[in-house]
Amino acid sequence: APSGMASYMWHDGSRNSSFTQKVPGEVSVTITDMNGCQNSTKSRFDWFDAVDLKPVSDIQICEGLPLSVDADPQLHSFNWSFNGVNLNHNTNTYSVASVVKGGSGRFVIDALDVNNCKVQDDFMLNVLEKAPLMLMPIHDICDGSSVELDGNQGFVAYDWSLNGLPFSQKAVVQASQAGNYHLIATHANTCRSEASVFVQTHDLPVLTMEHLKDACVGASFTLAMKSFDTKNGNSNPKFQWSNFSNG
């Protein structure tokens with residue numbers, strides 16, 4: 001009501017210069033000025049029906065994965081905040097390319113509905129940590145041998161592939177073929193950790209030795225390589241003879 005009047009009389013008997021309407025219905029007021037003149041007015045206030053909104057559910061996600069959240073498309077004029085920090089985001093979809101470790105918290109979405117009434121929604125984001133995979137990235141082995149690849153303990157499932165093809169579902173595998181061994185290990189919290197190991201095989205060296213004739217008892221002789229070829233380019237090979245001497 002206008003200020004500076006001598007008195008105010010609202011429909012509920014209150015006499016303040018202002019009135020707060022909390023429910024739908026008719027409101028009336030009679031004012032009296034300093035000259036004793038009176039005037040009255042009334043108005044009706046109706047509430048908009050509540051809009052049936054689709055709330056955002058709490059989200060649980062593994063670190064490193066992309067996140068995309070959609071608020072109800074009936075809303076407009078969005079404002080998103082996370083743990084009390086304004087994100088300056090004004091559309092109904094909020095996305096991040098990769099959820100960071102330790103990024104758990106509470107999202108709050110403020111918006112306007114179709115009647116331009118203020119609405120608010122909130123949800124919790126729980127970021128699950130991934131267990132690290134400790135694998136040596138490169139292994140060199142000789143042709144015909146193998147190397148043990150240990151996928152680490154503590155996971156509930158292991159999926160090894162070799163050059164893109166399924167290889168094994170064991171935690172520890174023996175690798176004898178050259179190629180890329182890729183492991184996807186699943187933790188109890190459903191998060192997956194990945195790592196790759198490249199195994200490189202090397203051909204065995206080719207060597208021949210001179211044919212020796214029979215020798216007398218007590219005689220000595222010298223053995224020598226007739227030819228030696230290292231396909232791997234080793235210019236300084238080591239030899240071990242049957243009597244375990246090195247040369």
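Thresholds applied
- Residues numbered from 1 in each chain as written.
- Predicted model: local features only at pLDDT ≥ 70, side-chain atom pairs only at ≥ 80, totals over all residues.
- Heavy atoms only, no water.
- Helix = DSSP H or I, 4+ residues; strand = E, 2+ residues; numbered from the N terminus.
- Buried < 20%, exposed > 50% of the residue type's maximum accessible area, 1.4 Å probe, protein only.
- Contact = heavy atoms within 4.5 Å.
- Disulfide = S-S within 2.5 Å.
- Pairing = 2+ DSSP bridges.
- Axes fitted to C-alpha atoms, helices over the stretch in contact; angles between N-to-C directions.
- Phe/Tyr/Trp six-rings, centres within 6.5 Å; stacked < 30°, edge-to-face > 60°.
- Core = buried A, V, L, I, M, F, W, Y, C linked by side-chain atoms within 4.5 Å.
- Salt bridge = Lys/Arg side-chain N within 4 Å of Asp/Glu carboxyl O.

Undergrad: Please set out the environment of Asp 46 residue by residue, giving values where relevant.
TA: Mapped onto the elements, Asp 46 comes out in the loop between strand S3 (38-45) and strand S4 (59-62). You can call Asp 46 exposed: its relative accessible area is 54%. Placed 20 residues apart in sequence, Asp 46 and Glu 26 show a C-alpha to C-alpha distance of 8.7 Å.

Undergrad: Give me the environment of Ala 185: which residues, what numbers.
TA: Secondary-structure assignment places Ala 185 in strand S16 (residues 179-186). The class for Ala 185 is buried, based on a relative accessible area of 0%. Measuring from C-alpha to C-alpha, the distance between Ala 185 and Gln 153 comes to 9.8 Å, with 32 residues separating the pair along the chain. Once residues lying within four places of it in the same chain are set aside, the contact partners of Ala 185 are Leu 133, Phe 155, Ala 157, Tyr 158, Cys 191, Arg 192 and Ser 193.

Undergrad: Could you give me a rundown of the state of the cysteines, with the residues and numbers involved?
TA: Evaluated as defined, the whole model comprises one disulfide. Each sulfur of the disulfide joining Cys 62 and Cys 191 lies 2.1 Å from the other. Handedness here is read from the sign of the S-S torsion; for Cys 62 and Cys 191, about -100°, the answer is left-handed. Of this pair, Cys 62 sits in strand S4 while Cys 191 sits in the loop between S16 and strand S17 (192-202); the two residues are 129 residues apart in sequence, bridging distant segments of the chain. Here Cys 62 and Cys 191 have matching classes, each one buried.

Undergrad: Please provide a residue-by-residue account of the sheet that holds strand S2 (residues 25-32), values included.
TA: The three strands lie next to each other as S1-S2-S3, forming an open sheet whose pairing is antiparallel. Sheet topology places strand S1 (7-10) and S3 at the edges, where each strand pairs with a single neighbour. Ignoring strand direction, the axes of neighbouring strands in this sheet form an average angle of 20°. Where S1 and S2 come together, four bridges link them in antiparallel fashion.

Undergrad: Which residues make up unusual backbone geometry, and what values do they have?
TA: Trans peptide bonds make up the majority, and among non-glycine residues the majority have a negative phi. Residue Asn 83 is not a glycine yet carries a positive backbone phi of 50°. Structurally, the position occupied by Asn 83 is in the loop between strand S6 (76-82) and strand S7 (85-86). One non-glycine residue, Asn 116, lies in the positive phi region at around 65°. Examined against the element boundaries, Asn 116 turns out to sit in the loop between strand S9 (105-112) and strand S10 (118-128).

Undergrad: Go over the pairing of strand S11 (residues 138-142), please, and point to the residues and values.
TA: Residues of S11 alternate between two faces, with His 139 and Ile 141 buried on one and Ile 138, Asp 140 and Cys 142 left unburied on the opposite face. Pairing geometry for S11 and S17, over five bridges, is parallel. Counterpart to Asp 140 in the pairing with S17 is Gln 200.

Undergrad: Tell me about the sheet that holds S4, and name the residues and values.
TA: Strand-to-strand pairing in sheets goes through backbone hydrogen bonds, with the strands running parallel or antiparallel. The five strands lie next to each other as S4-S10-S9-S6-S7, forming an open sheet whose pairing is mixed. Among the strands making up the open sheet, the edge pair consists of S4 and S7. For S9 and S10, the ladder comprises eight bridges, and the chain directions are antiparallel. Note that in S10 the partner of Asp 110 across the bridge is Gln 120.

Undergrad: Please set out the packing of aromatic side chains residue by residue, giving values where relevant.
TA: Per the stated rule, a full pass over the model turns up eight aromatic pairs. With a centroid separation of 5.4 Å and 25° between ring planes, the pair formed by Trp 10 and Phe 19 is classed as stacked. Take Trp 10: its relative accessible area is 9%, and that puts it in the buried class. Ring centres 5.6 Å apart and planes at 25° place the aromatic pair Trp 80 and Tyr 94 in the stacked group.

Undergrad: Residues and numbers for the nonpolar core, please.
TA: Most often, soluble globular proteins have nonpolar side chains that are buried together. Core analysis: the largest hydrophobic core is formed by 19 residues, its most contacted members being Trp 80 and Phe 123. Contributions of two or more residues to this core are made by S4, strand S5 (67-70), S6, S9 and S10. A per-element tally of this core places S10 first, with four residues. Ignoring anything within four residues of it in the chain, the contact list for Phe 123 reads Val 56, Ser 57, Asp 58, Ile 59, Val 69, Trp 80, Gly 105, Arg 106, Phe 107 and Ile 109. With 18 residues, the next largest nonpolar core counts Ile 141, Leu 149, Tyr 181 and Ala 195 among its residues.

Undergrad: Can you tell me about the pattern of salt bridges, naming the residues and giving the values?
TA: Counting across every chain of the model gives two salt bridges. In this structure, the salt-bridge partner of Glu 129 is Lys 101, at a minimum N-O distance of 3.8 Å. With a gap of 28 residues between them, Glu 129 in the loop between S10 and S11 and Lys 101 in the loop between strand S8 (93-96) and S9 connect regions that are remote in the sequence. Relative accessible area serves as the criterion here: at 45%, Glu 129 is assigned to the partly exposed category. Residue Arg 106 pairs with Asp 122 through a salt bridge whose shortest N-O separation is 3.3 Å. With Arg 106 in strand S9 and Asp 122 in strand S10, this pair connects stretches of sequence that are 16 residues apart. The exposure class of Arg 106 is partly exposed, given its relative accessible area of 39%.

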